[in-house]
2 protein chains.
Amino acid sequence: MIAFNPIGIIHTPFRELKGMPIQPAGAIGVRGTVEIFEEYQAGLRDLEGFSHIILLYHLHRSNGFKLNIVPFMDVEPRGLFATRAPNRPNPIGLSVIQLDRIEEGILHIQNVDILDGTPLLDIKPYIPDFDAALKVRTGWLEKAGKEVSNRKSDDRFR
Amino acid sequence: MIAFNPIGIIHTPFRELKGMPIQPAGAIGVRGTVEIFEEYQAGLRDLEGFSHIILLYHLHRSNGFKLNIVPFMDVEPRGLFATRAPNRPNPIGLSVIQLDRIEEGILHIQNVDILDGTPLLDIKPYIPDFDAALKVRTGWLEKAGKEVSNRKSDDRFR
(Lines give C-alpha, C1' and ligand atoms only; values in the text may rest on other atoms or scores of the structure.)
Protein backbone atom coordinates (compact mmCIF):
# COMPACT_ATOMS: atom_id res chain seq x y z
CA MET A 1 0.00 0.00 0.00
CA ILE A 2 1.23 3.45 -0.94
CA ALA A 3 0.01 6.43 1.09
CA PHE A 4 -0.28 10.01 -0.15
CA ASN A 5 -1.40 13.24 1.49
CA PRO A 6 -2.92 16.20 -0.37
CA ILE A 7 -0.68 19.26 -0.89
CA GLY A 8 -3.63 21.54 -1.67
CA ILE A 9 -7.25 21.81 -2.79
CA ILE A 10 -8.63 22.63 -6.26
CA HIS A 11 -11.53 25.11 -6.41
CA THR A 12 -13.75 25.23 -9.50
CA PRO A 13 -17.32 26.13 -10.47
CA PHE A 14 -18.24 22.43 -10.70
CA ARG A 15 -20.05 21.21 -7.59
CA GLU A 16 -21.53 18.11 -9.21
CA LEU A 17 -20.24 15.52 -11.68
CA LYS A 18 -23.33 15.92 -13.80
CA GLY A 19 -22.87 18.57 -16.48
CA MET A 20 -19.12 18.91 -16.05
CA PRO A 21 -16.89 19.12 -19.11
CA ILE A 22 -15.12 15.80 -19.40
CA GLN A 23 -11.71 17.21 -20.36
CA PRO A 24 -9.95 20.61 -20.53
CA ALA A 25 -10.74 20.80 -24.25
CA GLY A 26 -14.39 21.10 -23.23
CA ALA A 27 -13.67 23.64 -20.50
CA ILE A 28 -12.15 26.48 -22.49
CA GLY A 29 -12.35 29.69 -20.47
CA VAL A 30 -13.52 28.01 -17.25
CA ARG A 31 -11.47 29.48 -14.41
CA GLY A 32 -10.50 27.99 -11.11
CA THR A 33 -7.91 28.24 -8.37
CA VAL A 34 -5.58 25.86 -6.62
CA GLU A 35 -4.91 26.55 -2.98
CA ILE A 36 -1.50 25.18 -1.99
CA PHE A 37 -1.12 24.43 1.71
CA GLU A 38 1.30 26.79 3.41
CA GLU A 39 3.98 24.23 4.16
CA TYR A 40 4.41 23.53 0.43
CA GLN A 41 4.23 27.06 -0.96
CA ALA A 42 8.02 27.52 -1.12
CA GLY A 43 8.04 24.83 -3.83
CA LEU A 44 6.04 27.11 -6.19
CA ARG A 45 9.03 29.33 -6.94
CA ASP A 46 9.75 29.56 -10.71
CA LEU A 47 6.47 27.83 -11.62
CA GLU A 48 4.87 31.01 -12.94
CA GLY A 49 7.29 30.95 -15.90
CA PHE A 50 5.39 27.95 -17.25
CA SER A 51 2.23 28.62 -19.25
CA HIS A 52 0.88 25.10 -18.62
CA ILE A 53 1.08 22.71 -15.72
CA ILE A 54 0.08 19.12 -15.08
CA LEU A 55 -2.15 18.63 -12.07
CA LEU A 56 -2.36 15.18 -10.50
CA TYR A 57 -5.24 14.85 -8.08
CA HIS A 58 -7.31 12.39 -6.15
CA LEU A 59 -10.60 11.60 -7.91
CA HIS A 60 -12.18 11.68 -4.48
CA ARG A 61 -15.75 11.04 -5.60
CA SER A 62 -14.74 7.86 -7.39
CA ASN A 63 -15.97 4.70 -5.73
CA GLY A 64 -15.08 1.27 -7.00
CA PHE A 65 -14.41 0.45 -10.62
CA LYS A 66 -15.34 -1.91 -13.44
CA LEU A 67 -12.71 -3.14 -15.89
CA ASN A 68 -15.03 -2.63 -18.86
CA ILE A 69 -17.16 0.47 -19.17
CA VAL A 70 -19.03 2.50 -21.76
CA PRO A 71 -17.09 5.78 -21.86
CA PHE A 72 -18.77 9.17 -22.30
CA MET A 73 -17.52 9.35 -25.87
CA ASP A 74 -18.73 6.01 -27.15
CA VAL A 75 -21.65 3.61 -27.12
CA GLU A 76 -19.61 0.39 -26.86
CA PRO A 77 -17.90 -1.01 -23.77
CA ARG A 78 -14.15 -0.42 -23.68
CA GLY A 79 -11.35 -1.62 -21.44
CA LEU A 80 -11.05 0.78 -18.49
CA PHE A 81 -7.37 1.56 -19.13
CA ALA A 82 -8.22 2.56 -22.71
CA THR A 83 -10.49 5.30 -21.29
CA ARG A 84 -10.17 8.33 -19.02
CA ALA A 85 -13.12 7.30 -16.84
CA PRO A 86 -12.74 8.45 -13.22
CA ASN A 87 -13.58 5.17 -11.48
CA ARG A 88 -10.21 3.40 -11.56
CA PRO A 89 -8.30 1.03 -9.27
CA ASN A 90 -6.11 4.01 -8.27
CA PRO A 91 -8.33 7.05 -8.93
CA ILE A 92 -5.64 9.58 -9.89
CA GLY A 93 -6.82 12.38 -12.17
CA LEU A 94 -4.51 14.15 -14.61
CA SER A 95 -5.19 17.48 -16.33
CA VAL A 96 -2.97 19.68 -18.46
CA ILE A 97 -4.08 23.14 -17.38
CA GLN A 98 -3.28 26.73 -18.35
CA LEU A 99 -1.60 28.65 -15.52
CA ASP A 100 -2.47 32.35 -15.54
CA ARG A 101 -0.65 33.54 -12.41
CA ILE A 102 0.31 32.69 -8.85
CA GLU A 103 -0.56 34.96 -5.92
CA GLU A 104 0.16 34.16 -2.29
CA GLY A 105 0.10 30.43 -2.66
CA ILE A 106 -2.96 30.44 -4.94
CA LEU A 107 -2.64 29.28 -8.54
CA HIS A 108 -5.09 30.90 -10.93
CA ILE A 109 -5.87 28.41 -13.66
CA GLN A 110 -7.94 28.25 -16.81
CA ASN A 111 -9.68 25.53 -18.85
CA VAL A 112 -10.53 23.53 -15.76
CA ASP A 113 -12.33 20.18 -15.96
CA ILE A 114 -12.08 19.28 -12.27
CA LEU A 115 -14.66 18.96 -9.50
CA ASP A 116 -14.67 21.61 -6.78
CA GLY A 117 -12.93 20.50 -3.58
CA THR A 118 -10.65 17.97 -5.29
CA PRO A 119 -7.50 17.13 -3.27
CA LEU A 120 -4.29 17.98 -5.14
CA LEU A 121 -1.47 15.42 -5.10
CA ASP A 122 1.23 16.94 -7.31
CA ILE A 123 2.04 19.74 -9.73
CA LYS A 124 4.50 19.28 -12.57
CA PRO A 125 5.54 21.80 -15.20
CA TYR A 126 4.25 20.89 -18.68
CA ILE A 127 7.25 20.42 -20.96
CA PRO A 128 6.47 19.62 -24.61
CA ASP A 129 9.76 17.74 -25.10
CA PHE A 130 8.65 15.30 -22.40
CA ASP A 131 4.88 15.39 -22.54
CA ALA A 132 3.81 15.90 -26.16
CA ALA A 133 3.90 12.79 -28.33
CA LEU A 134 4.13 12.89 -32.11
CA LYS A 135 2.54 10.63 -34.74
CA VAL A 136 -0.19 9.55 -32.37
CA ARG A 137 -2.90 6.94 -32.95
CA THR A 138 -5.92 7.04 -30.63
CA GLY A 139 -7.70 3.75 -31.28
CA TRP A 140 -11.45 3.72 -30.64
CA LEU A 141 -11.45 7.48 -30.08
CA GLU A 142 -10.51 8.26 -33.67
CA LYS A 143 -14.14 8.17 -34.73
CA ALA A 144 -15.51 9.63 -31.55
CA GLY A 145 -12.85 12.17 -30.55
CA LYS A 146 -13.98 15.03 -32.75
CA GLU A 147 -16.99 15.66 -30.60
CA VAL A 148 -15.30 15.75 -27.21
CA SER A 149 -15.45 19.47 -26.69
CA ASN A 150 -19.23 19.34 -26.60
CA ARG A 151 -19.63 16.35 -24.32
CA LYS A 152 -20.52 16.74 -20.68
CA SER A 153 -20.32 14.34 -17.82
CA ASP A 154 -23.45 12.57 -16.63
CA ASP A 155 -24.18 10.39 -13.63
CA ARG A 156 -22.81 7.13 -14.93
CA PHE A 157 -19.63 7.16 -12.83
CA ARG A 158 -21.17 8.56 -9.69
CA MET B 1 -4.38 10.02 3.80
CA ILE B 2 -5.06 8.44 0.42
CA ALA B 3 -4.03 4.81 -0.14
CA PHE B 4 -3.17 3.24 -3.46
CA ASN B 5 -2.11 -0.27 -4.48
CA PRO B 6 0.04 -1.11 -7.51
CA ILE B 7 -1.74 -2.62 -10.53
CA GLY B 8 1.50 -3.90 -12.06
CA ILE B 9 5.29 -3.61 -12.23
CA ILE B 10 7.45 -1.81 -14.81
CA HIS B 11 10.52 -3.66 -16.08
CA THR B 12 13.36 -1.73 -17.73
CA PRO B 13 17.13 -1.99 -18.27
CA PHE B 14 17.74 0.64 -15.54
CA ARG B 15 18.72 -0.92 -12.24
CA GLU B 16 20.21 2.23 -10.74
CA LEU B 17 19.24 5.91 -10.78
CA LYS B 18 22.72 6.89 -11.83
CA GLY B 19 23.14 7.03 -15.60
CA MET B 20 19.41 6.84 -16.36
CA PRO B 21 17.92 9.10 -19.00
CA ILE B 22 15.94 11.76 -17.19
CA GLN B 23 12.96 11.78 -19.55
CA PRO B 24 11.61 9.73 -22.49
CA ALA B 25 13.20 12.21 -24.93
CA GLY B 26 16.55 10.92 -23.67
CA ALA B 27 15.49 7.30 -23.86
CA ILE B 28 14.70 6.91 -27.55
CA GLY B 29 14.74 3.23 -28.50
CA VAL B 30 15.04 1.97 -24.91
CA ARG B 31 12.58 -0.90 -24.53
CA GLY B 32 10.80 -2.16 -21.47
CA THR B 33 7.71 -4.06 -20.41
CA VAL B 34 4.85 -3.46 -18.03
CA GLU B 35 3.49 -6.51 -16.27
CA ILE B 36 -0.17 -5.98 -15.36
CA PHE B 37 -1.40 -8.07 -12.46
CA GLU B 38 -3.87 -10.70 -13.56
CA GLU B 39 -6.91 -9.23 -11.79
CA TYR B 40 -6.59 -6.01 -13.84
CA GLN B 41 -5.78 -7.47 -17.28
CA ALA B 42 -9.38 -7.31 -18.52
CA GLY B 43 -9.07 -3.50 -18.36
CA LEU B 44 -6.42 -3.56 -21.13
CA ARG B 45 -8.96 -4.27 -23.87
CA ASP B 46 -8.84 -1.64 -26.67
CA LEU B 47 -5.62 -0.09 -25.32
CA GLU B 48 -3.48 -1.49 -28.15
CA GLY B 49 -5.19 0.92 -30.57
CA PHE B 50 -3.35 3.78 -28.89
CA SER B 51 0.22 4.46 -30.00
CA HIS B 52 1.08 6.31 -26.77
CA ILE B 53 0.03 5.86 -23.18
CA ILE B 54 0.52 7.79 -19.96
CA LEU B 55 2.00 5.74 -17.14
CA LEU B 56 1.55 6.96 -13.58
CA TYR B 57 3.81 5.17 -11.13
CA HIS B 58 5.18 5.27 -7.64
CA LEU B 59 8.68 6.78 -7.52
CA HIS B 60 9.50 4.09 -4.98
CA ARG B 61 13.14 5.02 -4.50
CA SER B 62 12.25 8.59 -3.60
CA ASN B 63 12.79 9.43 0.04
CA GLY B 64 11.91 12.80 1.51
CA PHE B 65 11.94 16.04 -0.44
CA LYS B 66 13.22 19.60 -0.39
CA LEU B 67 11.07 22.46 -1.69
CA ASN B 68 14.02 24.04 -3.51
CA ILE B 69 16.44 21.92 -5.50
CA VAL B 70 19.00 22.24 -8.28
CA PRO B 71 17.45 20.23 -11.14
CA PHE B 72 19.50 18.07 -13.51
CA MET B 73 19.06 20.63 -16.25
CA ASP B 74 20.18 23.74 -14.42
CA VAL B 75 22.80 25.08 -12.06
CA GLU B 76 20.46 27.29 -9.99
CA PRO B 77 18.01 26.18 -7.31
CA ARG B 78 14.39 26.08 -8.47
CA GLY B 79 11.08 25.54 -6.73
CA LEU B 80 10.39 21.81 -6.58
CA PHE B 81 7.01 22.06 -8.35
CA ALA B 82 8.69 23.88 -11.26
CA THR B 83 10.84 20.76 -11.81
CA ARG B 84 10.33 17.08 -12.57
CA ALA B 85 12.65 15.95 -9.76
CA PRO B 86 11.60 12.56 -8.29
CA ASN B 87 11.75 13.49 -4.60
CA ARG B 88 8.33 15.08 -4.09
CA PRO B 89 5.75 15.22 -1.28
CA ASN B 90 3.71 12.65 -3.24
CA PRO B 91 6.26 10.85 -5.40
CA ILE B 92 4.11 10.05 -8.42
CA GLY B 93 6.00 9.67 -11.70
CA LEU B 94 4.42 10.42 -15.08
CA SER B 95 5.76 9.32 -18.47
CA VAL B 96 4.26 9.54 -21.93
CA ILE B 97 5.44 6.28 -23.49
CA GLN B 98 5.19 4.61 -26.87
CA LEU B 99 3.14 1.39 -26.76
CA ASP B 100 4.34 -1.21 -29.27
CA ARG B 101 2.01 -4.11 -28.45
CA ILE B 102 0.25 -6.00 -25.68
CA GLU B 103 0.67 -9.75 -25.22
CA GLU B 104 -0.88 -11.76 -22.41
CA GLY B 105 -1.08 -8.94 -19.94
CA ILE B 106 2.38 -7.60 -20.79
CA LEU B 107 2.72 -4.15 -22.38
CA HIS B 108 5.76 -3.79 -24.62
CA ILE B 109 6.87 -0.17 -24.45
CA GLN B 110 9.54 2.03 -25.96
CA ASN B 111 11.41 5.20 -24.98
CA VAL B 112 11.40 4.25 -21.32
CA ASP B 113 12.89 6.53 -18.65
CA ILE B 114 11.76 4.51 -15.63
CA LEU B 115 13.65 2.50 -13.02
CA ASP B 116 13.34 -1.30 -13.13
CA GLY B 117 10.86 -2.67 -10.59
CA THR B 118 8.77 0.51 -10.37
CA PRO B 119 5.20 -0.07 -9.11
CA LEU B 120 2.55 0.99 -11.65
CA LEU B 121 -0.45 2.98 -10.38
CA ASP B 122 -2.45 3.78 -13.51
CA ILE B 123 -2.46 3.67 -17.31
CA LYS B 124 -4.30 6.27 -19.36
CA PRO B 125 -4.52 6.54 -23.15
CA TYR B 126 -2.59 9.55 -24.47
CA ILE B 127 -5.07 11.79 -26.30
CA PRO B 128 -3.60 14.89 -27.97
CA ASP B 129 -6.87 16.84 -27.64
CA PHE B 130 -6.59 16.47 -23.86
CA ASP B 131 -2.89 16.16 -23.20
CA ALA B 132 -1.02 18.32 -25.72
CA ALA B 133 -0.93 22.04 -24.93
CA LEU B 134 -0.32 24.69 -27.57
CA LYS B 135 1.58 27.99 -27.33
CA VAL B 136 3.63 26.78 -24.40
CA ARG B 137 6.15 28.74 -22.31
CA THR B 138 8.58 26.72 -20.21
CA GLY B 139 10.15 29.28 -17.89
CA TRP B 140 13.67 28.51 -16.65
CA LEU B 141 13.86 25.52 -18.97
CA GLU B 142 13.81 27.64 -22.10
CA LYS B 143 17.55 28.16 -21.97
CA ALA B 144 18.34 24.73 -20.61
CA GLY B 145 15.80 22.52 -22.40
CA LYS B 146 17.63 22.05 -25.65
CA GLU B 147 20.16 19.77 -24.07
CA VAL B 148 17.81 17.45 -22.23
CA SER B 149 18.18 14.48 -24.54
CA ASN B 150 21.83 14.17 -23.59
CA ARG B 151 21.44 14.54 -19.84
CA LYS B 152 21.58 11.56 -17.54
CA SER B 153 20.52 11.17 -13.96
CA ASP B 154 23.15 11.22 -11.23
CA ASP B 155 23.03 10.46 -7.53
CA ARG B 156 21.65 13.76 -6.30
CA PHE B 157 18.12 12.51 -5.62
CA ARG B 158 19.09 9.14 -4.23
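Not measured: the values here are computed from a predicted model.

**Quick word on the overall build of chain A**
A tally of regular secondary structure across chain A gives two helices and nine strands. Going residue by residue from the N terminus, the α and β elements of chain A occur as β-β-β-β-β-β-β-β-β-α-α. For 158 residues, the compact-globule estimate of 2.2 N^0.38 gives 15 Å, and chain A sits close to it at 16 Å. Overall, chain A is about 45 × 35 × 30 Å in size when its C-alpha atoms are taken along their principal axes.

**Looking at the packing of aromatic side chains**
Evaluated as defined, the whole model comprises three aromatic pairs over all chains. Look at A:Phe4 and B:Phe4: their rings are 5.7 Å apart centre to centre, the planes differ by 55 degrees, and that puts the pair in the tilted class. Here A:Phe4 is found in strand 1 (residues 2-4), whereas its partner B:Phe4 is found in strand 1 (residues 2-4) on a different chain. Residue classification places A:Phe4 among the buried residues on the basis of a relative accessible area of 1%.

**Some thoughts on the interface of chain A and chain B**
Taken together, the contact between chain A and chain B spans 68 residues of the former and 68 residues of the latter. Both sides of the chain A and chain B interface together cover about 6400 Å² of buried area, and 62% of this is carbon and sulfur. Taken together, chain A and chain B are joined by six salt bridges. Here B:Arg84 and A:Asp131 are joined by a salt bridge, their closest N and O atoms 2.8 Å apart. Here chain A and chain B share 40 residue pairs in polar contact (both at pLDDT 80 or more) between them.

**What to know about the confidence of the model for chain A**
Looking at chain A, the pLDDT average stands at 90 and 91% of residues meet or exceed 70. Scoring the predicted complex yields pTM 0.92 and, for the interface, ipTM 0.91.

**Focus: the pattern of salt bridges**
Applying the stated criterion across every chain yields a total of 20 salt bridges over all chains. Among the ionic pairs, A:Arg101 bridges to A:Glu103, the shortest N-O distance being 2.8 Å. Under the relative-accessibility criterion, A:Arg101 is labelled partly exposed at 33%. On the basis of relative accessibility, which here comes to 40%, the residue A:Glu103 falls in the partly exposed class. Each of A:Asp46, B:Asp74, B:Glu76 and B:Arg78 takes part in one network of salt bridges that share partners.

**Points about the relation of the copies chain A and chain B**
Take chain A, turn it by 180 degrees, move it 0.0 Å along the axis, and it overlays chain B with an RMSD of 0.0 Å. Accordingly, the operation relating the two chain copies is best matched by a two-fold axis. Among all C-alpha atoms of chain A, that of A:Ala3 lies closest to the rotation axis, at 2.3 Å. In this assembly, 100% of the residues forming the interface of chain A have copies in chain B that are likewise at the interface, indicating an isologous arrangement.

**Re the nonpolar core**
A:Leu47, A:Ile53, A:Leu55, A:Leu107, A:Ile109 and A:Ile123 are the most contacted members of the largest nonpolar core, which has 41 residues in total. Where this core is concerned, the elements lending two or more residues are strand 3 (31-36), strand 4 (52-58), strand 7 (92-103), strand 8 (106-110) and strand 9 (118-125) of chain A together with helix 2 (141-144) of chain B. Contacts of A:Ile53, omitting those with residues within four sequence positions, involve A:Leu47, A:Ser95, A:Val96, A:Ile97, A:Leu99, A:Leu107, A:Ile109, A:Ile123, A:Lys124 and A:Tyr126. By size, the runner-up hydrophobic cluster in this structure holds 35 residues, among which are A:Phe81, A:Ala144, B:Val34 and B:Val112.

Calculation notes
- Residues numbered from 1 in each chain as written.
- Chains lettered and ligands numbered in written order.
- Predicted model: local features only at pLDDT ≥ 70, side-chain atom pairs only at ≥ 80, totals over all residues.
- Heavy atoms only, no water.
- Helix = DSSP H or I, 4+ residues; strand = E, 2+ residues; numbered from the N terminus.
- Rg over C-alpha atoms; globule rule 2.2 N^0.38 Å.
- Phe/Tyr/Trp six-rings, centres within 6.5 Å; stacked < 30°, edge-to-face > 60°.
- Buried < 20%, exposed > 50% of the residue type's maximum accessible area, 1.4 Å probe, protein only.
- Contact = heavy atoms within 4.5 Å.
- Buried area = accessible area lost by both parts, 1.4 Å probe.
- Salt bridge = Lys/Arg side-chain N within 4 Å of Asp/Glu carboxyl O.
- Polar contact = N/O pair within 3.5 Å; in protein donor to acceptor, adjacent residues only side chain to side chain.
- pLDDT = per-residue confidence, 0-100.
- Least-squares fit on C-alpha atoms with pLDDT ≥ 70 in both.
- Core = buried A, V, L, I, M, F, W, Y, C linked by side-chain atoms within 4.5 Å.

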